[in-house]
Amino acid sequence: LSSDSDSVVEKSFVELSIHGWLFDMMGLDHSPKYAINIHGGKSNRSSRLIEQIKSLPDNVRKRLTLENDENSYNVIDLLKVHQATGTPICWDSHHSVFNDGDIPPEVAQAATMETWPKGIKPLQHIANTEPGMENGSFTERRKHSDMIHYIPNCQLEQLRNDTIDVEVEAKLKNVSVFKMAKDFEIPL
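Residues numbered from 1 in each chain as written. Predicted model: local features only at pLDDT ≥ 70, side-chain atom pairs only at ≥ 80, totals over all residues. Heavy atoms only, no water.

*Asks:* A description of the overall build of the chain should follow, citing residues and the corresponding values.
*Replies:* In terms of helices and strands, the chain carries nine helices and five strands. Counting from the amino terminus, the chain carries its helices and strands in the arrangement α-β-α-α-β-α-β-α-α-β-α-α-β-α. A globule of 188 residues ought to have a C-alpha radius of gyration of about 16 Å, and the chain, at 17 Å, matches this closely. Summarising its shape, the C-alpha atoms of the chain cover approximately 45 × 40 × 30 Å along the three principal directions. Counting over 188 residues, the chain shows a buried share of 46%. (Helix = DSSP H or I, 4+ residues; strand = E, 2+ residues; numbered from the N terminus. Rg over C-alpha atoms; globule rule 2.2 N^0.38 Å. Buried < 20%, exposed > 50% of the residue type's maximum accessible area, 1.4 Å probe, protein only.)

Here it is, written out as structure tokens:
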């Protein structure tokens, strides 16, 4: 949505509209509870991103969530977009490791949780660097591991209290979810 290419933005609108239509056909509410989650796109283009979000059809805009990423938009950047559009922020703790905006995880998580409407659990993402790659290249460190072997304390507390929804981004999907729940004493 923040591209300087009009054709890229048009294609994004088509893609997002398909998601909105599909969610409508499924009978899902127009709310971020049924998130259409995207990254901000091209960096340093917040004004363009805001402009495009405001022009999205309701069935997309009301479900849209923005996720911080490791390159372009950290939590601080997205808070500015949220203030202008009301779009909730999905905090990705793994991406924050690479692009934290000079704020600690607890502050980033709390700030993003405040962007969600009352009555809807904030959506967050969890992923890890593959063990043994902690000192690898940027590309090696950002790759998702097979399992979840670390959860930031602030995210773990929210999971145990059942105050957030989390998407596990691990290569062994369901196996990693059950192992994470067992290893970290998280009720499913």
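Next comes the rest of the description.
*Asks:* I'd like a description of unusual backbone geometry, backed by residues and values.
*Replies:* The backbone phi angle of Asn-44 is positive, close to 60 degrees, even though this residue is not glycine. Tracing the sequence through the fold places Asn-44 in the loop between β1 (36-39) and α2 (46-54). The exposed category is assigned to Asn-44, whose relative accessible area is 75%.

*Asks:* Go over the nonpolar core with me, naming the residues and quoting the values.
*Replies:* Membership of the largest hydrophobic core comes to 25 residues, with the highest contact counts inside it found for Leu-1, Leu-16, Ile-53 and Leu-56. Counting only elements with at least two residues in this core, the list comes to α1 (6-25), β1, α2, β2 (64-67), α4 (75-85) and β3 (89-92). Excluding its chain neighbours within four sequence positions, the residues that come into contact with Leu-56 are Leu-1, Phe-13, Leu-16, Arg-61 and Leu-64. Counting 12 residues, the second-largest nonpolar core is a separate cluster that includes Met-113, Ile-148, Ile-164 and Val-168. (Core = buried A, V, L, I, M, F, W, Y, C linked by side-chain atoms within 4.5 Å. Contact = heavy atoms within 4.5 Å.)

*Asks:* Can you lay out the pairing of β3 for me, pointing to particular residues and giving the numbers?
*Replies:* Residues Ile-89 and Trp-91 point to one face of β3 and Cys-90 and Asp-92 to the other, with burial holding for every one of them. Remark: the β2/α4/β3 crossover connection has right-handed handedness. Of the pairings in the sheet, the one linking β3 to strand β4 (residues 123-126) comprises two bridges and is parallel in character. Looking across to β4, one finds that Trp-91 is bridged to Gln-124. (Right-handed = clockwise from strand over helix to strand, strands pointing away. Pairing = 2+ DSSP bridges.)

*Asks:* Go over the packing of α2 against α4 with me, naming the residues and quoting the values.
*Replies:* Orientation of α2 relative to α4, taken along the N-to-C sense of each, is 35 degrees, at an axis distance of 10 Å. For α2 against α4, the interelement crossing comes out right-handed. Two secondary-structure elements touch here, α2 through Ser-46, Leu-49, Ile-50, Ile-53 and Lys-54 and α4 through Lys-80, Val-81, Ala-84 and Thr-85. Partitioned by chemical class, the residues of the contact of α2 with α4 number five nonpolar, two polar and two charged. (Axes fitted to C-alpha atoms, helices over the stretch in contact; angles between N-to-C directions. Left-handed = near helix turned anticlockwise from the far one by under 90°. Nonpolar A, V, L, I, M, F, W, Y, C, P; charged D, E, K, R; others polar.)

*Asks:* Kindly report on the sheet that holds β3, identifying the contributing residues and their values.
*Replies:* An order of β1-β2-β3-β4-β5 is seen for the five strands of this open sheet, with the pairing classed as parallel. For this open sheet the edge positions go to β1 and β5 (165-168), each flanked by a neighbour on one side alone. Mean inter-strand twist for the sheet, computed between neighbouring axes without regard to direction, equals 30 degrees. Packed on one face of the sheet, α4 meets β2 and β3 and runs near 170 degrees to β3.

*Asks:* Summarise the pattern of salt bridges; cite the residues concerned and give the values.
*Replies:* Any two side chains of opposite charge can pair, given that their charged atoms come close. Applying the stated criterion to the full structure yields eight salt bridges. Note that Asp-4 is salt-bridged to Lys-42, the shortest N-O span being 2.9 Å. With Asp-4 in the segment before α1 and Lys-42 in the loop between β1 and α2, this residue pair connects regions lying 38 residues apart in the sequence. Judged by relative accessible area, which is 42%, Lys-42 ranks as partly exposed. When the shortest N-O distance is used, the salt bridge between Glu-70 and Arg-142 registers 2.4 Å. With Glu-70 in the loop between β2 and α4 and Arg-142 in helix α7 (residues 138-142), this residue pair connects regions lying 72 residues apart in the sequence. Through salt bridges with shared partners, one network takes in Asp-58, Arg-61 and Lys-62. (Salt bridge = Lys/Arg side-chain N within 4 Å of Asp/Glu carboxyl O.)

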